[in-house]
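Spelled out, the chains give:
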Amino acid sequence: MSALQYEVPTLDDLKKLAETSFGFTPCTWQLNSALSQLQKKDVFTISPTGSSKTLTFWILMFCDDNRITIIITPLNILGDKNKNDVHAMGTISAVNLTVTTVMDQVFKVSSH
C-alpha cells in the first residue's frame, strides 16, 4: 500500500495548476522536479542563483491541502523572502522560524 494520500497529477495538470496559482508558466525542469517530489522520489535540483528553484517546492503546496512544507534556508533573509512571497499569493499560510520568532503561538494549528 502506498503512503501517498493524494493523486499525483500528470505533468500537464501540474503545469495548469502552476499557471493558475502563480500566473506564469514554470519551466519544464521545474515541473519535472515538482512531479518527482510528488512521486516521493529523492530529488536534487541544481540550478543557478535566481532561476526560481523555490518554485519546485511551492508547486507542491497546491497539490495537497493537508501538506505541511518545511523549508530550511541558509539565511534568515531568504526565510523572510519565502514567507513574504507566499503571503503575497494570499492562499498559503507561512512563518519564518528564527531565534527571534519562535514562540508558543507560532506552533498552534492555524485555522486558515
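Report follows, based on the coordinates.

Turning our eyes to something else, we now look at the pattern of salt bridges. According to the stated counting rule, one finds 1 salt bridge in the structure shown. Its salt-bridge partner being Asp85, residue Lys81 comes within 2.6 Å of it at the nearest N-O pair. Of the two residues, Lys81 and Asp85 are both situated in helix H4 (residues 76-89); the distance of 4 residues between them amounts to about one turn of the helix. Overall, Lys81 belongs to the partly exposed group, its relative accessible area being 47%. Under the relative-accessibility criterion, Asp85 is labelled partly exposed at 29%.

On to helix H2 (residues 28-38). Within the span of H2, buried status applies to Gln30, Leu31, Ser33, Ala34, Leu35 and Leu38. Tucked into the core, H2 has its buried residues touching helix H1 (11-22) and helix H3 (55-58).

If you trace the backbone, Ser47 turns up in the loop between H2 and H3. A distance of 2.5 Å separates polar atoms of two side chains, one belonging to Ser47 and the other to Ser51. For Ser47, the contacting residues outside a window of four places in its chain are Trp29 and Lys53.

Tracing the chain through its elements places Thr54 in the loop between H2 and H3. Overall, Thr54 belongs to the partly exposed group, its relative accessible area being 27%. It is 9.0 Å that separates the C-alpha atoms of Thr54 and Gln30, two residues lying 24 residues apart in sequence.

Under the definition given, this model contains 3 aromatic pairs. Both rings, one in Phe22 and one in Phe62, keep their centres 5.4 Å apart while their planes meet at 90°; by these two values the pair is edge-to-face. Note that Phe22 is positioned in helix H1 and Phe62 in the loop between H3 and H4, a separation of 40 residues in sequence.

Cut-off values and rules
Residues numbered from 1 in each chain as written. Predicted model: local features only at pLDDT ≥ 70, side-chain atom pairs only at ≥ 80, totals over all residues. Heavy atoms only, no water. Salt bridge = Lys/Arg side-chain N within 4 Å of Asp/Glu carboxyl O. Helix = DSSP H or I, 4+ residues; strand = E, 2+ residues; numbered from the N terminus. Buried < 20%, exposed > 50% of the residue type's maximum accessible area, 1.4 Å probe, protein only. Contact = heavy atoms within 4.5 Å. Polar contact = N/O pair within 3.5 Å; in protein donor to acceptor, adjacent residues only side chain to side chain. Phe/Tyr/Trp six-rings, centres within 6.5 Å; stacked < 30°, edge-to-face > 60°.

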